Structure formats: C-alpha cells, structure tokens
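Working through the structure, step by step
What follows is the residue order along each chain.
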Amino acid sequence: MRKLGSILCIIFIVLLAALPIVAKANDADVTPQKLHVSVFESPPFVMKSEQGYSGFAIDLWEECAKRMGVDYEYQEASTFPDLLASVTKGNADVAITELTINSERMERMDFSQPWFDAGLQMMVHKPPKAGFWRFLTQLYESGLLNSYLLIALGILVATLLLTLIDRRFDPDFPREWGHGVSESFYHVVSILTTGDTKHKPLFGSLGRVLAALWLVVGVGIVAFVTSTITSVMTVNTLERRILDTENNKISDLPDLKGKTVGALKDSIASAYIVKANLSIQEFGTMAEMIKALADNHVEAIVADQPSLTYFQLQNPDLPIMAVGKIIRQEKYGFGLRSGSPLRLKLSKQVMLAWETGLIAN
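So, a few notes on the structure that sits alongside this text. (Residues numbered from 1 in each chain as written. Predicted model: local features only at pLDDT ≥ 70, side-chain atom pairs only at ≥ 80, totals over all residues. Heavy atoms only, no water.)

A word on the sheet that holds strand β1 (residues 34–39). The sheet built from five strands is open, its strands ordered β4-β1-β5-β12-β6 with mixed pairing. Each having just a single partner strand, β4 (71–76) and β6 (109–111) make up the two edges of the open sheet. Here the average twist between neighbouring strands, direction ignored, is 30°. Relative to strand β12 (residues 335–337), strand β5 (residues 94–96) runs antiparallel, the two sharing two bridges. (Pairing = 2+ DSSP bridges. Helix = DSSP H or I, 4+ residues; strand = E, 2+ residues; numbered from the N terminus. Axes fitted to C-alpha atoms, helices over the stretch in contact; angles between N-to-C directions.)

As structure tokens, then:
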C-alpha cells in the first residue's frame, strides 16, 4: 500500500512539472483577449481624424477583426521605424500601414496574406506655373519688388512736391486737391516715361534744369525696370524648360544620379536608394518628405505609388509631380509578431476578402 502511494506521488509531481510546458505549447494557439494594433498614418491606407482612424487598410482590418471575433485597441506610431519596432519588440500584436512584405522583414516578424499590389515610384519638383502671381513672387525673391516699391514711393513724393509748388506759384493750377494731385501725377509720369510734358514752366532756367534732371532720372528708371522685368521673365522661361527636360529624362533610379533623394526611414524605398548608390535623406513621415520636396530641400523622393498619387490629388497646388514607371513591384500585408497565432486566422480572412470581392481585383 505504501509502495502504491509512493508511485502516485511520483506521478503527481511529474504532472505538475509538465504543466508549464503544456501551457506554453497551448499559448501559441491562443489569441490574446484584447489585441494591441499599432498604426502609422499613411493616406489613403491609414488616415487620422477627430472621429478616429479610417482608410483602406483600417476598413479591411476592422472587417477581418469582426469576422474573427477579436477585440482590439489602436496605438499610433509616430514614425515608420516605430511601427516596425512596436511589433518586433512585442509591444503590439498587429502593425497596419502600407507595409511591404519582403524577406528581410520576415526574419523579424510575420505577415498576413497580401491585400494590395503596389510599387515604388519617383516624384520630383514640378516646374512653376507661369502667371502674374508667379511673376510677383520671383520679383520678391530676387529683391526687385522692393526696388520697384522705392521707385513708386519716389514718384509719389515727386507728385506731392509738384502739387505743393504749383498750388503756391501757379494761379491757374486746380485748387481742389484731387484734381491737383492727379494733374501733377500725370506730369511726373509723362516726363518719366516719354521725356515730354505740357506742364507750365516755373522758375525760369532753374525750372528747366530741374526738369532735365528729372528726365535723366526717368530714363534710368525706365531702363532699370525694363531690363529687370525682361531678365526675370527669361530666367522663369529657362527654369521651366530645364526642369521639363530633366523630368522627361527620368524613368528609373539611375536617372537621379547626382541628386539628393528622399525616402522614409527604414522603408523599402530607402534600402533601394542606398543599393543604387544615390545620395539619400531619410524622413520619419510622408508629410515631412513631401514638404521637403515642395520646398526644394531634396531634388526627388521615392515612395509607394498609391501614397504619392493620393498626395498629389489632394494637394494639386503643390509643385510636385510623379515621374517614370513603377520601378519595383510590392505587396502590402498586415504585420504580426513572429510566431503570432493570428497569422493563419488573419490570412484566411484576407483571402476571403479577395474571394468575396471585399478587396477589388
């Protein structure tokens, strides 16, 4: 009887020792009660508003989560590297953005079945539009607009002085200020532009000397204004032609040699640019990268074609344009922690979304 009791005790101890191993094995098949879903804003796939998150990837995830019967909460990643780290370090269960599936990332994390086919494309600075406001902008940037304002101020001062002198010494000059100022303005501009005027001579020889001096000043002013306007318009035309010519030559990454190219940090585009031995500047967000291109801080950017197209459509006034062909085909998927029990379940829902038409072919 004692021997039987000893055997039962040994069996009980062995079972207790095996419980953690069994529990650990079962954990791989158990979905967490509430999933932590890391998202990175990247329109049109992930967009943030006061109402929450929306976009193609968000809509697809929420439908898949509904069908799987899982609960979740969103947590926003401020940069693309932060999104990847949230999953690889185990701080999130799912990563959602335009996340490209590749072999290097698959060594650190899992992916669902692909849910979008896309590719990389290049974007460059668009030649400026011709027009009156563009012309004024160039005058301001060159400092000429300030010179023109000083000239206008000089004409105004000359008009007021001539009005005061005529009111004082010419009995036939209009007494009403409005008529008087307009009459003086006409004489000042007439001498400035044509060298001729019907203004009544005053002060005899001294008056003629003053008129001659104003005529010399006028010739210089007219020459200055004419030459500067011509030069600005010529530079604008040449700039447009040069940019048009350069943009038409861009069809692949090697065509960007010698230029500084922007890309998202730790993105596929970034690795592709480095591999092509191009000068690169990395950014944390798409918005920062687009702004840098629009402000001419970089000469080109490379990113996912759907996002570039969306930004261009949403901001038609930005001086940016997509060029060339798709230079690298990509597939997007949901990122998951390595060994995640969600992988098969989520992949099944993505496949069902394809089969049922929820994802359009």
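Back to the write-up after that little detour.
Once that is clear, we can look at a nonpolar patch on the surface. A cluster of nonpolar residues, L150, L153, L156, V157, L160, L161, L164, I165, F169 and W177, forms a patch on the protein surface that exposes about 970 Å² of accessible area. Examining the composition of the nonpolar patch, we find that nine residues originate from one element, helix α6 (residues 144–169), more than from any other. Counting through the fold element by element, L156 comes out in helix α6. The exposure class assigned to L156 is partly exposed, which follows from its relative accessible area of 48%. (Patch = residues over 30% accessible without salt bridge, like charges linked within 9 Å, V, L, I, M, F, W, Y side chains within 5 Å. Areas by Shrake-Rupley, 256 points an atom, 1.4 Å probe, with all protein chains shown as cover. Salt bridge = Lys/Arg side-chain N within 4 Å of Asp/Glu carboxyl O. Buried < 20%, exposed > 50% of the residue type's maximum accessible area, 1.4 Å probe, protein only.)

Let us look at the side chain of S42. Among the secondary structure elements, S42 is positioned in the loop between β1 and β2 (47–49). Residue S42 is classed as buried on the basis of its relative accessible area of 2%. A polar contact is formed between the side chain of S42 and the side chain of E98, at a distance of 2.5 Å. Beyond its immediate sequence surroundings of up to four residues, S42 is in contact with T97, E98 and S307. (Polar contact = N/O pair within 3.5 Å; in protein donor to acceptor, adjacent residues only side chain to side chain. Contact = heavy atoms within 4.5 Å.)

The next point concerns the nonpolar core. Residues W61, V94, I96, W115 and F334 are the most contacted members of the largest nonpolar core, which totals 25 residues. Here the element with the most residues in this core is helix α2 (residues 56–68); it accounts for seven residues. Formed by 16 residues, the second largest nonpolar core is a distinct cluster that contains L253, L256, V261 and I268. (Core = buried A, V, L, I, M, F, W, Y, C linked by side-chain atoms within 4.5 Å.)

So, on to unusual backbone geometry. The peptide bond linking P43 to P44 adopts the cis configuration, its omega dihedral lying at 5°. Positionally, P44 belongs in the loop between β1 and β2. At N296, a position not held by glycine, the phi torsion is positive, near 65°. Among the secondary structure elements, N296 is positioned in the loop between α10 (286–294) and β10 (300–304).

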